[in-house]
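Tertiary structure, described
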Amino acid sequence: MRRQPLYVLHDASESAEASVGSLLHCLRSDPWCLEAVWLGVISLGVRARLLTPLAEVCEIQSSSFPLEEGVNLNEGLALFCEDYTRVRRPTTATVKGDWRPVLAVVLTSPPTGEFANGLAALSGVNCRIKLAFIGEHIPQDVRDQLENLGFKVFQLSTEGAVFPGGPTPLDHTESWWCVLLRQINEGLHFAVDPLASKPLPGDTNVGPLIERTTSEPTTPELKPDNLFTTDLTKLTTDGRLNRRGLLMYLLVYFGLIFISVFIGYLSTTLSSVVGIVAWAFLILGLIKRSHDVGRSGWFILIPFFSLWLFVVPGQVGPNYFGPGPDSSR
């Protein structure tokens with residue numbers, strides 16, 4: 001799984017701590033964001049401060065914002081560029097790196113001083129999305145400078161909600177963190193194989209695309225992950241599993257439970273170990289089966305979702321989690 005870096009630059013206003021806390025709650029409530037998004041928070045006060053170094057959202061505690069009058073956007077943008085350049089993880093032949101970062105700037109008060117240097121530094125970072133949520137009292141020239149650098153600018157109300165109208169209209173009024181969450185998810189859930197015709201969006205180390213000829217197959221090589229076609233040494237959460245494969249995982253699970261009960265007369269400790277292995281094996285199969293229907297493995301925590309996996313067919317062809325299993329479904 002690649003990381004999706006997300007940096008939030010928020011002015012040190014009274015609403016900052018609550019709104020960033022709401023964003024963190026939304027990120028933790030989304031299974032994909034919980035797995036992929038790494039969040040960094042920068043406070044735009046008299047001096048810009050990195051309140052939360054880039055980390056997984058499940059590890060972050062709520063940031064405590066210092067209440068300050070100034071809004072040093074220039075220093076905040078420079079700090080973002082410096083920190084992301086330091087922690088950036090490029091894609092290599094063996095390691096999945098980062099998607100391009102998502103940058104969100106939240107301004108309820110006008111920035112103090114010039115911020116041309118910060119904008120110039122930002123031009124050297126290839127962001128996937130740049131969003132700016134600005135209050136009613138932000139000057140027009142600030143909006144223009146942000147738009148010229150590729151920011152999508154949204155108008156904020158005094159309560160922190162995004163107006164439906166404006167240069168970037170919405171269907172209805174909603175909080176800025178809800179808009180941000182939707183923008184993060186947009187375009188990252190694939191229904192087709194992204195490697196078949198184009199690189200992943202935001203891939204940081206993509207070589208030239210391979211031109212196909214009529215003598216080469218156009219279908220990517222499939223690596224089915226089920227017990228009929230692969231050995232049991234590939235016990236990872238990567239890949240997908242069809243219904244037939246999940247049934248075999250279930251049969252192996254019951255077999256291990258039977259062995260656990262049988263050897264319980266000889267050794268309680270050994271019986272418990274075998275039982276734990278059986279449960280781990282079944283959970284592994286359910287996670288890969290969840291991938292086959294286009295869902296994160298976290299979905300198996302939903303009541304009755306695991307039973308649904310034994311009935312619903314998987315997605316046809318490759319999806320976001322990899323190539324599809326064999327054609328038998």
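Notes on the structure follow. (Residues numbered from 1 in each chain as written. Predicted model: local features only at pLDDT ≥ 70, side-chain atom pairs only at ≥ 80, totals over all residues. Heavy atoms only, no water.)

1. Quick word on the pairing of strand 5 (residues 129-134)
With respect to burial, strand 5 is a largely interior element, six of its six residues being buried. Neither face of strand 5 is open: one carries Ile129, Leu131 and Phe133, the other Lys130, Ala132 and Ile134, and all of them are buried. Of the pairings in the sheet, the one linking strand 4 (residues 102-107) to strand 5 comprises six bridges and is parallel in character. What sits directly across from Leu103, in strand 5, is Lys130. At this point the chain moves from strand 4, through helix 4 (residues 116-122), to the parallel strand 5, and the crossover so formed is right-handed. Judged from the four bridges that link them, strand 5 and strand 6 (residues 152-155) form a sheet pairing that is parallel. (Buried < 20%, exposed > 50% of the residue type's maximum accessible area, 1.4 Å probe, protein only. Helix = DSSP H or I, 4+ residues; strand = E, 2+ residues; numbered from the N terminus. Pairing = 2+ DSSP bridges. Right-handed = clockwise from strand over helix to strand, strands pointing away.)

2. Some thoughts on the nonpolar core
Membership of the largest hydrophobic core comes to 35 residues, with the highest contact counts inside it found for Leu6, Leu27, Leu39, Phe133, Trp176 and Leu180. Secondary structure elements with two or more residues in this core: strand 1 (4-11), helix 1 (16-29), helix 2 (31-36), strand 2 (37-44), strand 4, strand 5 and helix 6 (176-185). Core analysis: the second largest hydrophobic core is formed by 28 residues, Leu44, Ala48, Val71 and Val125 among them. (Core = buried A, V, L, I, M, F, W, Y, C linked by side-chain atoms within 4.5 Å.)

3. Things to note about helix 8 (residues 268-292)
Between its first and last C-alpha, helix 8 extends 37 Å over 25 residues, near the 36 Å set by a 1.5 Å rise per residue. Among the residues trailing helix 8, Gly294 stands out with phi positive, at a value near 85°. (Expected span 1.5 Å × (residues − 1).)

4. Some points on the sheet that holds strand 1
Reading across from one edge, 3-2-1-4-5-6 is the order of the six strands in this open sheet, with mixed pairing throughout. Since the sheet does not close on itself, it has two edges, and those belong to strand 3 (48-56) and strand 6, each with one partner. On average, each strand axis in the sheet is inclined to that of its neighbour by 15°, with strand direction left out of account. Judged from the six bridges that link them, strand 2 and strand 3 form a sheet pairing that is antiparallel. Each bridged residue has a counterpart across the sheet, and for Ser43 the counterpart in strand 3 is Arg49. (Axes fitted to C-alpha atoms, helices over the stretch in contact; angles between N-to-C directions.)

5. Side note on the pattern of salt bridges
Under the criterion given, the structure shown has five salt bridges. Residue Asp98 is joined to Arg3 by a salt bridge in which the shortest nitrogen-to-oxygen separation is 2.8 Å. Of the two residues, Asp98 sits in the loop between helix 3 (73-87) and strand 4 while Arg3 sits in the segment before strand 1, which places them 95 residues apart along the sequence. For the pair shown, Asp98 and Arg3 are each scored as buried. As a salt-bridge pair, Glu75 and Arg47 come within 2.9 Å of each other at their nearest N and O atoms. Residue Glu75 is located in helix 3, and its partner Arg47 is located in the loop between strand 2 and strand 3; the two are separated by 28 residues in the primary sequence. (Salt bridge = Lys/Arg side-chain N within 4 Å of Asp/Glu carboxyl O.)

6. Some details on the packing of helix 7 (residues 243-263) against helix 8
At a minimum axis distance of 8 Å, the contact between helix 7 and helix 8 shows a crossing angle of 170°. Compared by their axis directions, helix 7 and helix 8 come out roughly antiparallel. Its residues assigned to classes, the contact of helix 7 with helix 8 shows 19 nonpolar, four polar and three charged. (Parallel < 35°, antiparallel > 145°, perpendicular 65-115°, else oblique. Nonpolar A, V, L, I, M, F, W, Y, C, P; charged D, E, K, R; others polar.)

7. Some thoughts on the side chain of Asp292
For Asp292, the location among the structural elements is in helix 8. By relative accessible area, which is 0% here, Asp292 ends up buried.

8. What about the environment of Leu309?
Following the sequence through the fold, Leu309 ends up in helix 9 (residues 305-309). C-alpha separation for the pair Leu309 and Ile287, spaced 22 residues apart in sequence, amounts to 9.9 Å.

9. Looking at unusual backbone geometry
Residues other than glycine seldom take positive phi values, yet Phe304 does so here, at roughly 70°. Its place among the elements puts Phe304 in the loop between helix 8 and helix 9.

Keep in mind these values describe shape, not function.
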